[in-house]
Amino acid sequence: MTHVAIADQPEEEEHHPTSFIAKYIWSQDHKVIAIQYTIVAMFVGLVALVLSGFMRLQLGFPDTFSFINPNTYLQFMTMHGMIMVIYLLTALLLGGFGNYLIPLMVGTRDMVFPYLNMLSFWMYFLSVLVLLASFFVPGGPTGAGWTLYPPQAILQGTPGADWGIVFMIASLAIFIIAFTMGGLNYVTTILQARTHGMTLMRMPLTLWGIFTASLMGLLAFPALLVSAIMLGLDLLAGTSFFMPALVSLGEQLDHTGGSPLLFQHLFWFFGHPEVYIVALPAFGMVSDVLSTHARKNIFGYRMMVWAIVIIAGLSFIVWAHHMYVSGMNLNFGFFFATTTLIIAVPTALKVYNWVLTLWRGNIHLNTPMLFAIGFIFTFTHGGLSGLFLGNVIVDVPLADTYFVVAHFHMVMGVSTVMVLFAAIYHWYPLVTGRMLHEGMGKIHFWLTFLGTYAVFLPMHYLGFLGVPRRYFSMGDTAFMPESAQTLNASISVFAIIVMVIQVIFLVNLVWSLKNGPRAPRNPWGATSLEWQTPVMPPAHGNWGHALPRVHRWAYDYSVPGAAEDFIPQNVPQEGSGRPDDGGQEEVKA
Amino acid sequence: MQPKRFHRAVTALTTLAVSGLASADWTERSAENLRPGVTDSSETIYDLHMAILWVCVAIFALVFGLIMWSMINHRRSKRPKPATFHEHLGLEVVWTIIPFVILIFMAWPATVVLIDLEDTSDSVLTVKVTGHQWYWSYEYLSYEDDPDLGISFAQRMKTPREQYERPILPGGLFPRGEAAGRVGEDFIPLTADNPDTKNYLLEVDNNLVIPAGQRVRFLITADDVIHSFWVPDFGYKKDAIPGFINESWTEVPEDQTGIYYGQCAELCGRGHAFMPLAVEVVSQEEFREWVAKKQAEAAEEVADEPFADLDEALAKGEQLYQNHCVACHGGEGGGGVGPSLRGTDLMTNPDRIDENISIVRDGRAAMPAFGAQLSDRELAAVISFQRNAFGNETGDLIQPADIENTEGGQ
Amino acid sequence: MAEKTTQYFVPDSSPWPLWASAGLFLLAMGIAGFIQQATGVSDSQWGGPVLIAGALWMIGVLFMWWRDATLESLQGLHSVQMDKSYRQGMIWFIFSEVMFFAAFFGALFYVRWLAVPWLGGAGDGAMTHELLWPDFQAMWPLTRTPDGTTTQYMGAWGLPAINTAILITSSVTLTIAHHALVAGERARAILFHGATIALGVIFIGLQAYEYVHAYRDLGLTLDAGIYGSLFFMLTGFHGVHVTIGTIFLIVLLLRMMKGHFTAENHFAYEAGAWYWHFVDVVWVFLFVVVYWL
């Protein structure tokens, strides 16, 4: 094995792997690993997207498609949810963008633990394989819903209770190990490997988001691991963690003494932070995209950082708001209702700050910016519908209805995906050296944005009417007047349209790789370090001869008196210009 | 009485806030909004919901107004000179405090209603509700001075199984072949064109009957997995957790008698969408009559009474087969997850009757034991049905006594 | 400062992570198959062999990998800055392990203070008790479960107390060994390190004996209700960690005997020591919560 030992070696002596396998399979370069993560996550995300299409076909046009029955419907639903939350969003935001951006943004050559980084990816890959393998085992994948609530997850009345659930648990366990390795790598890199002058309070918000989310992952994922292990043992070894004495399909089971609510507590102790593990990197990235394309510094940087930290802290004590109707002790109910409403405050603050960042800016309405603004819309929308659900008593009629479906898709699905698109359009030139096609991008944005609204807005209405979620067939009921039936069918049509639209995006990604206009250096005029590498796209080792030095915060846009409307972080301070806002010159080790 | 006062206050506020806009009257059953329901608590929830709705509309307008304004007036083509302000402590403090106050304003009344909703004291009737895969059953416990009414029954969806759920298909996720070939001739499409689909997927065989104007306490539990007992018009929903009991109560005003439908709201396996519930609210006199009638019926029913003839057994057996066996063995006995029952040796060989009984009662391999769930009489009926339907025509009549006399399997 | 941060070495490529994940796959499949086989859920016979193959594979890969890592360290490719990073990485890892055990302890507390009393009629559970479990007595350890399974519980003052003493002693000997290493007294370091390993092995042996005792004499098994499940889960995962820790210490002993560690540069040794102390602390909690109270 060859090592590029000390980074001070001259550029030409660095070892550049040449063969395909050495470059893309054995590689420990964070950029290659990031791309590996991105491709796998996007592939598996497409699978989940198609599954959601199947579900919508059944719901909109019941009984037209013979391969969907109540069993397969639940299986599609479960796999769609699990893939989207864990294997797409978590993996793509942290594994993909985290990997690519952290070393470049903090100004280092690679992650501090490159081996671990590579192992993390391959374990993730393995977990995806195990997950997808469950489609092909006898009985198919599990249909227990992504929450995997026992007892139903492991009893015969649920599809996939023989093998599907075993594969799901195994896949989750492997994913968590992968994530733990990735997470401690990201955290340590940000704490340890920041370049000269990059104080914590000079870091771009992207880094803050990724850092906090990784930290939360280290805290929250073990709870999921523990609940997965217990669930697996309840299934395979006859333990009774989540099983009271009970009867399944007429058969008395040997389980005794446990409580199904225990699983819910453990699951949501992971599950709620997980929402923010996905959301915080998105918050960070969207802040940077907004600031760059509005040519204006982010409003209230310090407050934004503190908001991220406070949200992260609070998110660990709100979990039981997912369980309002499951019969909790009243005092717990109050506690969790209060914390849930309090967490809305820092979140609201972030939204106001984004709006004020746009206010009186010089807004360049290109594709990444459109997606970023789209994010503010969908996220605020989802946040407001959260007010209904967080308010413990209004949650009672709305829990487990389509209102909830609409809420979490708005706040966690659509908004995060908006940020992902914004980020891909924003950083694609950095990764590939080519610009994406702007026209295709704009079509993609408008159709996706309007399309998702057409899909999820009517779902709020269905929820008000009392249509429960996770139903194979909604029927023609008192809860579903004829108008709602039509609406329901139209949701399906729009969902299919939105799915098909994504082809434009994929075509754009592939087409632009060869045919896109060559990206100029720093095409957006951004200040953060990742755009300041000696060559673009960054080479192995990122920085050539010497690491950059940081002299200012990441948001020096439109500084009066400056030659251009941005000053990169590695440009030294001069006598003029705005004062150094990013903290002391002293460097943390 | 807090909720009442609060209700008035919020109604006034809401009316004030939306004067000129369309405001929904809670006495009307809305088809466009949250269901106001019929009980006090559901109305209060509805009011709170409306209050939150208007707060949201205000925030929505403010935030999006600002964004749109910025996008229109500060976009690049207008060549704006970007501002350089970057922090304003006062502003940040203000918009931390304002949402905080709004949230407190919304949380306080919610808490009051919640406390009220959890308080199940002073109830007149107590009903134990049990969720099963996939039907509900009810047990009437105390009513007024009577500590145990002794009424219990199961409540299943009326819609026949073929109509909503195609048999589980062999061959995994992507089965081959024509739907008609797999499902059979009497396949009824799931569409609204079907004339029998009024309250489709909601009608049940036995309504849960409760008196109006009296406080009814529900003790909610489950047999197998978590279900959720939910009648939207009563304004609450409570999970049914196996091994534990959750309590809830409702009191429907005297003038609101009628049938209220509900559904299971917690994923409970493949039949989750097919275990509706219906509550029939009747006047107190009617309720007493109903109780008397039910008690008389229960006294008549003798569990081990032999069947008079084969037809009686088959009629009962067919119904039981539809409820319990179809999922695995198929509507025509052709099998699916479970083996085929059509003309097999087990079904037709008279020497294997004991084995047949043992399998159904005590279970074998993937076949669950139905002994705990069905009475001897019901077991006898369903086994008789199996041995005479699907072209088996053995003419065997199994009596409850046969079940009793067959030795245990495992 | 600038020199410091540039001293990261950028490794190029390595096949080991990929092979390791393949090995892990075998291992996971093996464990799943083995559990099914051992508990009689399935008749398949492939679990054991696959488990052994996966374990051997993992040992091989990890050996090769650690050899590479050790070589790098010996070549002086690891800078002071990297040493710090390793320390931090280890801290975050232990942090995440703490959360892992915290979740188990959380489960124990939940069952003990909420679920079981609820079944026994405390607080909101009056009706649960009256209607569903009229014969059930809430108690802890739960020796008679709601459906009537009875077991005996594991007392605190026999083997468990001895085990506690053993582990605490091992922490002390490890600290002595560490001090000796820093002071450059290699022979003493090796002696006390060896003693630590011996104590670890004795602990595992006694733990195994205790399990046999529980199964054979007390009727306390993994599937004998929630108390047995929790007991074996907590002590079992702790036992796994002690085993890993012991292996870690054995590797360290071998490296120490080969003279890999200097008084200044012995991060791997410290990491091992931290891990061992962490495992000890978990045991003390376990002893108090699972056995004693």
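## Regarding the overall build of chain B
Within chain B, the secondary structure is distributed over twelve helices and ten strands. Burial analysis of chain B (410 residues in total) assigns 41% to the buried set. Contacts spanning at least 24 positions in sequence make up 67% of the contacts within chain B whose residues lie at least 6 apart.

## Quick notes on the packing of helix α10 (residues 367–390) of chain A against helix α2 (residues 40–73) of chain B
Look at α10(A) against α2(B): their axes get within 9 Å of each other, and the N-to-C directions meet at 170 degrees. Between α10(A) and α2(B), the crossing angle belongs to the class labelled roughly antiparallel. α2(B) is crossed by α10(A), and the crossing has right-handed handedness. Facing Ile373(A), Ile376(A), Phe377(A), Thr380(A), Leu384(A), Leu387(A) and Phe388(A) of α10(A), the residues of α2(B) in contact are His49(B), Ile52(B), Cys56(B), Ile59(B), Phe60(B), Val63(B), Phe64(B), Ile67(B) and Met71(B).

## Re the interface of chain B and chain A
With 92 residues of chain B in contact, the opposing surface of chain A contributes 94 residues. Elements that contribute at least two residues to the side of chain B that touches chain A include exactly α2, α3 (89–118), β7 (236–240) and β9 (258–264) of chain B. Counting residues per element, the side of chain B that touches chain A draws most heavily on α3(B), which supplies 14 residues. Of the residues belonging to the side of chain B that touches chain A, the class tally is 55 nonpolar, 22 polar and 15 charged.

## A short note on the sheet that holds strand β6 (residues 227–231) of chain B
Residue and element names in this part refer to chain B. The strand order across the open sheet formed by five strands is β4-β10-β9-β6-β7, and the pairing between neighbours is mixed. The sheet is open, and its two edges are formed by β4 (208–211) and β7, each paired on a single side. Adjacent strand axes in the sheet meet at a mean angle of 25 degrees when their direction is disregarded. Sheet analysis places β9 next to strand β10 (residues 277–282), joined by five bridges and oriented antiparallel. Considered in β10, the bridge of glycine 258 is made with valine 281.

## Some words on unusual backbone geometry
All names here are of chain A. With an omega dihedral of 0 degrees, the bond running from proline 150 to proline 151 counts as a cis peptide bond. Take proline 151: it is sitting in the loop between α4 (114–133) and α5 (164–192). Methionine 536 connects to proline 537 through a cis peptide bond whose omega is 0 degrees. Mapped onto the elements of the fold, proline 537 is located in the segment after α14 (482–515). Notably, asparagine 542 is not glycine yet its phi reads approximately 65 degrees, a positive angle. Locating asparagine 542 in the fold gives a position in the segment after α14.

## Some thoughts on the domain arrangement of chain C
In terms of domains, chain C is made up of domain 1 (7–78) and domain 2 (79–292). Relative placement of domain 1 of chain C and domain 2 of chain C: their C-alpha centres are 24 Å apart.

## Remarks on the packing of helix α4 (residues 80–119) of chain C against helix α9 (residues 267–292) of chain C
How two helices sit against one another is set out by the angle between their axes and by the gap between those axes. All names here are of chain C. Where α4 meets α9, the closest approach of the two axes is 10 Å, and the angle between their N-to-C directions is 15 degrees. When the axis of α4 is compared with that of α9, the two are roughly parallel. When the axes of α4 and α9 are compared, the crossing they make is right-handed. Here α4 contributes Asp83, Tyr86, Arg87, Met90, Ile94, Glu97, Phe101, Phe105 and Leu108 to the contact with α9, which in turn contributes Phe267, Ala271, Trp274, Tyr275, Phe278, Val282, Phe285 and Val289. Residues of the contact of α4 with α9, tallied by class, amount to 14 nonpolar, no polar and three charged.

## Some remarks on the nonpolar core
Judged by nonpolar contacts, the single largest core of 356 residues is most densely connected at Ile174(A), Leu231(A), Val286(A) and Ala422(A). Setting aside chain neighbours within four positions, we find Ile174(A) in contact with Met123(A), Leu126(A), Ser127(A), Val130(A), Leu24(C) and Ala28(C). The next biggest cluster of nonpolar side chains, apart from the first, holds 19 residues, and it includes Val360(B), Ile383(B), Phe385(B) and Leu397(B).

## Overview of the pairing of β4(B)
Put simply, side chains in a regular strand alternate between the two faces of the sheet. Residue and element names in this part refer to chain B. The alternating pattern of β4 places Leu208 and Ile210 and Val209 and Pro211 on opposite faces, both of which are buried. Pairing between β4 and β10: four bridges, direction parallel. Bridge assignment links valine 209 to a residue of β10, and that residue is glutamate 280.

## Here we look at the confidence of the model for chain B
All names here are of chain B. With 78% of its residues at a pLDDT of 70 or more, chain B shows a mean pLDDT of 77. For chain B, the element scoring lowest by mean pLDDT is helix α5 (residues 179–183), at 44; β4 scores highest, at 93. Low pLDDT, under 50, characterises residues 10–30; the predicted model gives this stretch 22 contacts beyond four residues in sequence or across chains. Every residue in residues 167–193 scores below 50 in pLDDT, and together they form 45 contacts with partners more than four places removed in sequence or on other chains.

## Some points on the sheet that holds strand β1 (residues 125–132) of chain B
Residue and element names in this part refer to chain B. Pairing is mixed across the open sheet formed by five strands, whose spatial order is β3-β2-β1-β5-β8. Two strands close off the open sheet at either side, each with one partner strand: β3 (151–155) and β8 (246–250). Averaged over all pairs of adjacent strands, the angle between their axes in this sheet comes to 25 degrees, without regard to strand direction. Note that strand β2 (residues 135–143) and β3 share five bridges and pair antiparallel. Residue tryptophan 136 lies in a different strand from β3, and its bridge partner there is glutamine 155.

## Looking at the confidence of the model for chain C
Residue and element names in this part refer to chain C. Mean pLDDT over chain C: 82, with 90% of residues reaching 70 or higher. Within chain C, helix α6 (residues 159–183) carries the highest mean pLDDT (92), whereas helix α1 (residues 2–6) carries the lowest (39). Low confidence marks residues 1–7, where pLDDT is under 50. Its contacts with residues over four positions away, or in another chain, come to 19 contacts. Taken over the whole predicted complex, pTM reads 0.86, whereas the ipTM for its chain interfaces reads 0.85.

## Digging into the domain arrangement of chain B
In terms of domain boundaries, chain B breaks down into domain 1 (2–118), domain 2 (125–167 + 198–300) and domain 3 (310–405). Relative to domain 3 of chain B, the C-alpha centre of domain 2 of chain B lies at a distance of 29 Å.

Conventions used here
Residues numbered from 1 in each chain as written. Chains lettered and ligands numbered in written order. Predicted model: local features only at pLDDT ≥ 70, side-chain atom pairs only at ≥ 80, totals over all residues. Helix = DSSP H or I, 4+ residues; strand = E, 2+ residues; numbered from the N terminus. Buried ≥ 20, exposed ≤ 12 C-beta atoms within 10 Å, placed from the backbone. Contact = placed C-beta atoms within 7 Å. Axes fitted to C-alpha atoms, helices over the stretch in contact; angles between N-to-C directions. Parallel < 35°, antiparallel > 145°, perpendicular 65-115°, else oblique. Left-handed = near helix turned anticlockwise from the far one by under 90°. Nonpolar A, V, L, I, M, F, W, Y, C, P; charged D, E, K, R; others polar. Pairing = 2+ DSSP bridges. Domains from an automatic or database assignment. Core = buried A, V, L, I, M, F, W, Y, C linked by C-beta atoms within 7 Å. pLDDT = per-residue confidence, 0-100.

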